[in-house]
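# Secondary and tertiary structure notes
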Amino acid sequence: MSEFVTETPEIEPKTVIRKRPRPKKEPTPVKGFRLDLFDWIPGLKKFVRLRSFQFLVILPNLFVFHILFIAGIFGTPVGNKNIMIVFIWILWWFILIAVMVPFASRIWCAICPMPFFGDWLQRRALIKVRSGKTKGIKNKMFGRNLRWPKRFSNIWLQNITFLTMCTFSAHLVTRPIVTVGVLGSMVLLATVLALIYRMRTFCNYICPVSGFLSLYAMTATVELRSKDTDVCLKCKTKGCRTGSEDGWACPWFVYMGKLDRNNYCSLCMECMKSCPNDNIALNLRPFASDTQIRGYDEAWKGFIMLALAMAYSIILLGPSGTIKDWANVAETHAWGGFAIYTLILWSVALVIVPGIFYGCILLTRRLAKATHIPMKEVFLGYSYLLVPLGLLAWIAFSVPLLFVNGSYIISVVSDPLGWGWDIFGTADFPWTPLWPEYLVFPQIALLLIGLFYALNHSYQIGERLFGSSEAALKGSIPMGVFSVGITLAFLKFFTG
Amino acid sequence: MKHGIQEVLAVSMTIAVLVGLPVAIFQNGPSNSGGNVRVIHLTGVMKSGVWTDEEVNGLNYWWKSFKPATITLQKGEEILLRLTSSDGTHSFYVPELGIGPIIIEAGHTKEILLKANHVGEFTYYCTTVCGECHYFMRGTVRVVRNTTDIVFSDTKISSECILHDPPENFTSFVAKGEYLYTYKGCVACHGEKGKGGVTNPNYVNEFVPQLDNLADKMKIYWEEDADTIIKLFESNVDFRSLEDEPPIDNYSRFLAQYQSISNKILNGSPIVQKLDTERPEPPLAMPAWEEQLSKEDINSILAYLISLYPWDEYD
């Protein structure tokens, strides 16, 4: 038996390192005016509290999406005569980026029909609420309700899916079937993931649209917030996050007591029903009120969006036929060129623009004499500048899309599938660009607004980070140069 | 469970959208709503070079190779032709029936009533240069006395347009010329191996010129001379700057013809002389290839056509 006897190893005394408890994150203090729209718009509160609210706002969209899918598959392959292309890439895109995001935050997510089937399967209900218990939630949910892996609980996947989608944008915006494929895959994935993972995993972590909505919703002039966070802290049920017999648990796991950014609130208004204290307000607020980027995933989303706006300005609005040919590989078969185009696009978005930004941050720290402040804190702090710069550049880019090609909308509403219908008598409405020669002026104005907000916030971020006006001012110089450089580049793209 | 009735209503509305909408759409589909007359729906497809009666939609357009439509109708029958373009701008022209040219832009639809009073086979054409397969874009309108008593031959109007990337290397100018002759669409008008036989309605000479006798037209009378000229083509010589005349008969006459024919390929010949000035324009005219063919390409096509000459028949 002796061979089975092993020596007991000596236990060396270990120094027990206790982790310092992480300070509790307190919500960022509110700055600027707030006006509760529920008090100002009669009936709004009653409407969003209806159990049928979400269904009522999604159904019309589901109807339109269904037409789009049918048109994409069975309608004409001519992009500008197919409602799928015209509605999605001219009308929807413009409304989303220029109206919804800056003025209504993530309202699109509230009315988006893509997670409709997933929600339906998960809740087995369209209107009613099921009480019960499902893994910490006070609603009965169906499906496996697994936790999404923690390492993917960020928007990196959204960054990648968006960049991938945009790499093929030349096909996406011209071929109805490609758009059907992409949107169809999103619906399918949202549905399948809803059966496996809990809540809106697809929207939270994968949806390519959701990523940039989360970033740019920070600028929105509305926010859904707790009226009084103390009430939330004292609330025993935390119904907003866990659900109740009156409302589903927040599909985004948001606890209203700590919600201080628009990024991950889809305005589905379930919390309005599940909050037992009537403690939620829909505030009107100044533009660009949320100013904190909280992770590299969000910062890189800013870089990607900026780089893509530049790339599209060159490809779609610029004169270079070669780059257009490279991007449009399915028709030109220029695979070598497409590989170069993809490499440049991804490098600019993921490495070059962030690299330049990093260089500016190094200078900022040095000029502000703030090398003691962690690099990450300064980098993420200033990366907020990418938000107003990027959003306004995207709006400026989208202006000609609507004004030059908007007349296609008038013709496709009469003949959505290109089948020769003429429902409203406008099927043969000719392509009529609106004031193409003057569009550059609103574009310039938009870029300058973006620059103004970037410069203004650059100083404020500096004050927040360095604690003194002088350091903030000095630190703002490289960031100002970066912002002005980006604006000048866009001006060059738009003015030729 | 609260909201039971609302739930039932919501489910019903969802099903109505998901099922009712496609039913409503397809009941009003593009195919057969023409009142009392028979409707033939033709779709112009640039990439296949056809007016087709097959369904063309957003899904199948990208992978399917469409076939040209043959329109058959009885003498005196009236049909409604519904013409749509699935991509570029096309035109529809049946000169012998007095139809067109009707221009149809991408995504637009035009309708024409067609009533044929003469039995026969008539060719329809696209006369708007719409793409790489434009020259193949034609088909037949067959007017029969009744559906049983006349059997028409299965006439091949033109070759099929098959687009693919050209081979990287050609073994000779003749091989390259054959490739260009076929894939650029010369074959559609001048016939397989330049044999001609393609009618050009109301053209003074009735047919598009055949080209298998090009050697004769270029004043090349000996097979050896033809070989010499093809070799000169392959060595990329500039005939006008040659110091020593090549050892071929009638070199100066050949040179004049070579320049004249090369110019015709480069600049085209847009005006086609009518046989009857009262009748419609002949649909086929020599297009200008200046933008699409290099000098080497033109010499390759000429080399191919010269090589087609049946020397043995004249030995």
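Within each chain, residues carry numbers counting from 1 in the order of the written sequence. As a convention, the first chain written is A and the first ligand written is 1, with the rest following in written order. This being a predicted model, a pLDDT of at least 70 is required before a residue's local features are given, and a value of 80 or more before pairs of side-chain atoms are given or counted; all residues contribute to the totals for chains, interfaces and linings. For side-chain calculations, the full set of non-hydrogen atoms in the structure is used, while hydrogens and water are omitted.

## A closer look at the interface of chain B and chain A
Heads up, the rule is: Every residue pair with non-hydrogen atoms within 4.5 Å of one another is taken to be in contact. Values labelled buried area give the accessible surface lost by two parts on being combined, using a 1.4 Å probe and summing over both. By definition here, a salt bridge exists when the distance from a side-chain nitrogen of Lys or Arg to a carboxyl oxygen of Asp or Glu is within 4 Å. Polar contact is the term for a pair of N or O atoms within 3.5 Å; when the atoms are in protein, one must be able to donate a hydrogen and the other to accept it, and sequence-neighboring residues count only if both atoms are side-chain atoms. Helix and strand assignments come from DSSP, with helices taken as H or I runs of at least 4 residues and strands as E runs of at least 2, each series counted from the N terminus.
With 32 residues of chain B in contact, the opposing surface of chain A contributes 36 residues. Around 3100 Å² of area is buried between chain B and chain A when both sides are counted, 73% of it from carbon and sulfur atoms. On the chain B side of the contact with chain A, B:Glu7, B:Ile25 and B:Trp62 bury the most area, a combined 19% of that side's loss. Connecting chain B to chain A are 0 salt bridges. One can count 10 residue pairs in polar contact (both at pLDDT 80 or more) joining chain B with chain A. Among the secondary structure elements, those contributing two or more residues to the side of chain B that touches chain A are α1 (4-27) and β4 (78-85) of chain B.

## Let's talk about the side chain of A:Thr76
Mapping A:Thr76 onto the fold places it in the loop between α3 (53-74) and α4 (83-104). Setting aside residues no more than four positions away along its own chain, A:Thr76 makes contact with A:Lys81, A:Asn82, A:Pro176, A:Leu417, A:Gly418, B:Gly58 and B:Ser86.

## Points about helix α2 (residues 173-183) of chain B
All names here are of chain B. For the record, the criterion: When a residue's accessible area, from a 1.4 Å probe over protein chains only, is under 20% of the maximum for its type it is buried; when over 50% it is exposed; and in between it is partly exposed.
Those residues of α2 lying buried are Phe173, Lys176, Gly177, Tyr179, Leu180 and Tyr181. Summarising the contacts, the buried residues of α2 are in contact with α3 (186-190), α5 (223-234) and α7 (295-307). In the segment just after α2, Gly185 is the residue with positive phi, at about 100°.

## Observations regarding unusual backbone geometry
Residues and elements named next belong to chain B. Of note, Lys193 is a non-glycine position whose phi angle comes to about 50°, a positive value. As for its position among the elements, Lys193 is in the loop between α3 and α4 (214-217). Residue classification places Lys193 among the partly exposed residues on the basis of a relative accessible area of 45%. Residue Glu206 is not a glycine yet carries a positive backbone phi of 70°. Within the secondary structure layout, Glu206 lies in the loop between α3 and α4.

## A word on the confidence of the model for chain B
Residues and elements named next belong to chain B. The condition is simple: pLDDT measures the predictor's confidence residue by residue and takes values from 0 up to 100.
For chain B, the average pLDDT comes to 85, and 91% of its residues sit at 70 or higher. Ranking the elements of chain B by mean pLDDT puts helix α8 (residues 311-314) last, at 71, and α1 first, at 94. For this predicted complex, the interface confidence reaches an ipTM of 0.86, while the overall pTM sits at 0.84.

## Description of helix α6 (residues 116-123) of chain A
Residues and elements named next belong to chain A. Quick reminder of the rule: Read the arc as the range of directions from the helix axis to the C-beta atoms.
Those residues of α6 lying buried are Phe116, Gly118, Asp119, Gln122 and Arg123. Taken end-on, α6 shows its buried residues confined to a sector of 165°, consistent with a single buried face. In the stretch just after α6, Arg124 is the one whose phi turns positive, near 50°.

## Topic: the environment of B:Glu296
For B:Glu296, the position within the fold is in helix α7. Non-local contacts of B:Glu296, meaning those with residues more than four positions away in its chain, are made with B:Phe173, B:Lys176 and B:Asn236.

## Thoughts on the pattern of salt bridges
The tally for this structure, following the rule as stated, stands at 20 salt bridges over all chains. When the shortest N-O distance is used, the salt bridge between A:Asp119 and A:Arg200 registers 2.7 Å. Remark: A:Arg200 occurs in the loop between α9 (176-196) and α10 (201-206) and A:Asp119 occurs in helix α6; sequence separation between them is 81 residues. Just as A:Asp119 is buried, A:Arg200 falls in that class too. The closest approach of N and O atoms between B:Lys176 and B:Glu296, which form a salt bridge, is 2.9 Å. In this pair, B:Lys176 sits in helix α2 while B:Glu296 sits in helix α7, placing the two residues 120 residues apart along the sequence. Using a relative accessible area of 15% as the deciding quantity, one classes B:Lys176 as buried. One continuous salt-bridge network, built from bridges that share partners, spans A:Arg34, A:Glu223, A:Arg225, A:Arg285 and A:Asp290.

## A closer look at the confidence of the model for chain A
Here chain A shows a mean pLDDT of 91. Residues at 70 or above account for 94%. Confidence drops under pLDDT 50 across residues 1-11 of chain A; counting only partners more than four residues distant or on other chains, this segment forms 0 contacts.

## Some details on the pairing of strand β1 (residues 38-45) of chain B
Residue and element names in this part refer to chain B. This is how it is decided: A pair of strands is considered paired only if DSSP assigns at least 2 bridges between the two.
The buried fraction of β1 is high, at 7 of 8 residues. Here 7 bridges tie β1 to β4, and the two strands are oriented parallel to one another. Note on β4: the bridge partner recorded for His41 is Arg82. As paired elements, β1 and strand β2 (residues 50-52) share 3 bridges and run antiparallel to each other. From the neighbouring strand, Gly44 faces β2, where its bridge partner is Trp51. Between β1 and β2, which pair antiparallel in sequence order, lie 4 residues; one of them, Gly49, sits at a positive phi of approximately 65°.

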